[in-house]
Amino acid sequence: AFFSAVEEREQPEIRGKPVVVGADPKGGSGRGVVSTCNYISRQYGIRSGMPISKAYRLCPTAVFLPVNFELYWKVSERIMNILRKYAEKFQQSSVDEAFLETKKVKTYGQAEKIAKKIKKDIFKKEKLTCSIGIGPNKLVAKISSDYQKPDGLTMVKPGEVQEFLWPLSVRKLYGVGPKTEYALNSMGIKTIGDLAKQNPDTLKEMFGKWG
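Please read all numbers here as calculations on a predicted model, not as lab measurements.

Visitor: Explain the pattern of salt bridges here, please?
Guide: Two side chains with opposite charge may pair up if their charged atoms get near one another. As enumerated under the stated definition, the model contains 11 salt bridges in all. Between R9 and E126 there is a salt bridge whose closest N-O contact spans 2.8 Å. Placement of the pair is R9 in helix 1 (residues 2–10) and E126 in helix 5 (residues 108–126), with a sequence separation of 117 residues. Comparing R9 with E126, the two get one shared label, buried. The closest approach of N and O atoms between K149 and D146, which form a salt bridge, is 3.0 Å. Taking relative accessible area as the criterion, D146 reaches 28% and is therefore assigned partly exposed. Connected through salt bridges with shared partners, the residues R9, E10, R78 and E126 form a single ionic network.

Visitor: Just to check I follow, could you spell out the packing of aromatic side chains for this structure?
Guide: The geometry of an aromatic ring pair is captured by the separation of the ring centres together with the interplanar angle, meaning the angle of the planes. Throughout the structure, instances matching the rule amount to 6 aromatic pairs. Taken together, a centroid distance of 5.8 Å and an interplanar angle of 85° make the contact between F3 and F69 edge-to-face. One end of the pair, F3, is in helix 1; the other, F69, is in helix 4 (residues 69–84), with 66 residues separating them in the sequence. With relative accessibility at 46%, the residue F69 sits in the partly exposed group. Aromatic pair F69 and Y72: ring centres 6.5 Å apart, planes at 80°, arrangement edge-to-face. Of the two residues, F69 and Y72 are both situated in helix 4; the distance of 3 residues between them amounts to about one turn of the helix. Linked through ring pairs, F2, F3, F69 and Y72 together constitute an aromatic cluster. Between the NZ or CZ atom of R42 and the centre of the ring of Y39, over which it lies, the distance is 4.4 Å.

Visitor: Just checking my understanding: could you explain helix 1 for this structure?
Guide: Helical periodicity: at 3.6 residues per turn, an α-helix aligns residues three or four positions apart in one direction. For helix 1, a buried count of 7 out of 9 residues is recorded, marking the element as mostly surrounded by other parts of the structure. Regarding helix 1, the residues found buried are F2, F3, S4, V6, E7, E8 and R9. Its buried side turned inward, helix 1 meets strand 1 (19–21), strand 2 (36–37), strand 3 (63–65), helix 4 and helix 5.

Visitor: How should I be thinking about helix 4 in this particular structure?
Guide: Its 16 residues place the ends of helix 4 22 Å apart at the C-alpha level, agreeing with the 22 Å of an ideal helix rising 1.5 Å per residue. When we look at burial in helix 4, the residues that qualify are L71, Y72, V75, S76, I79, M80, I82 and L83. Along the axis of helix 4, the buried residues cluster in a sector spanning 160°; they form a single face. The exposed set on the far side of helix 4, more than 90 degrees from its buried face, consists of E70 and E77. Where helix 4 is buried, its residues touch helix 1, strand 1, strand 4 (89–94), strand 5 (97–101) and helix 5.

The rules we used
- Residues numbered from 1 in each chain as written.
- Predicted model: local features only at pLDDT ≥ 70, side-chain atom pairs only at ≥ 80, totals over all residues.
- Heavy atoms only, no water.
- Salt bridge = Lys/Arg side-chain N within 4 Å of Asp/Glu carboxyl O.
- Helix = DSSP H or I, 4+ residues; strand = E, 2+ residues; numbered from the N terminus.
- Buried < 20%, exposed > 50% of the residue type's maximum accessible area, 1.4 Å probe, protein only.
- Phe/Tyr/Trp six-rings, centres within 6.5 Å; stacked < 30°, edge-to-face > 60°.
- Lys NZ or Arg CZ within 6 Å of the ring centre and 35° of its normal.
- Contact = heavy atoms within 4.5 Å.
- Expected span 1.5 Å × (residues − 1).
- Arc of directions from axis to C-beta.

Structure, rendered in structure tokens:
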């Protein structure tokens, strides 16, 4: 919801309303697809990649805005510069997402304190919230960052990984889209725990190298 969050910051009058970013200048009546939308819009069934015309039918009262990439990238660059100060290792993975690692943090308690500082720093300087996940590896950190959106903070310690991951849908994993999810579900594999129990050879036969 990064694009829509920036738009709401820039236009306070649209806060609290469904906001859809991705429309052409004609608004909901025109062509194009939803680039992103805020969480209120999602309550109406609107999702990224959906045709604008369908989003308009689902919620004609939503605010439809064109994409302003120049603005979003400027905000993103400033936020990434904030994040870089907190870690020795930094990897930006998208316009609104990054991984941070530091050897200075020895405990999960220290990591949580830093995460709270990051959230305060970003909000103070950019008036935007963010969600942070803390985990023993990138996969767990990524999934936990999605766990309590928006403005969440989720920490998963090494001994809690299985308890955290196993009940989640396989869709939460990198690279598992609708088609792969459907194929896995047809095999009786609905959760990450179900997937972990499978024979790797069976998965390779079904999905090739990715399996």
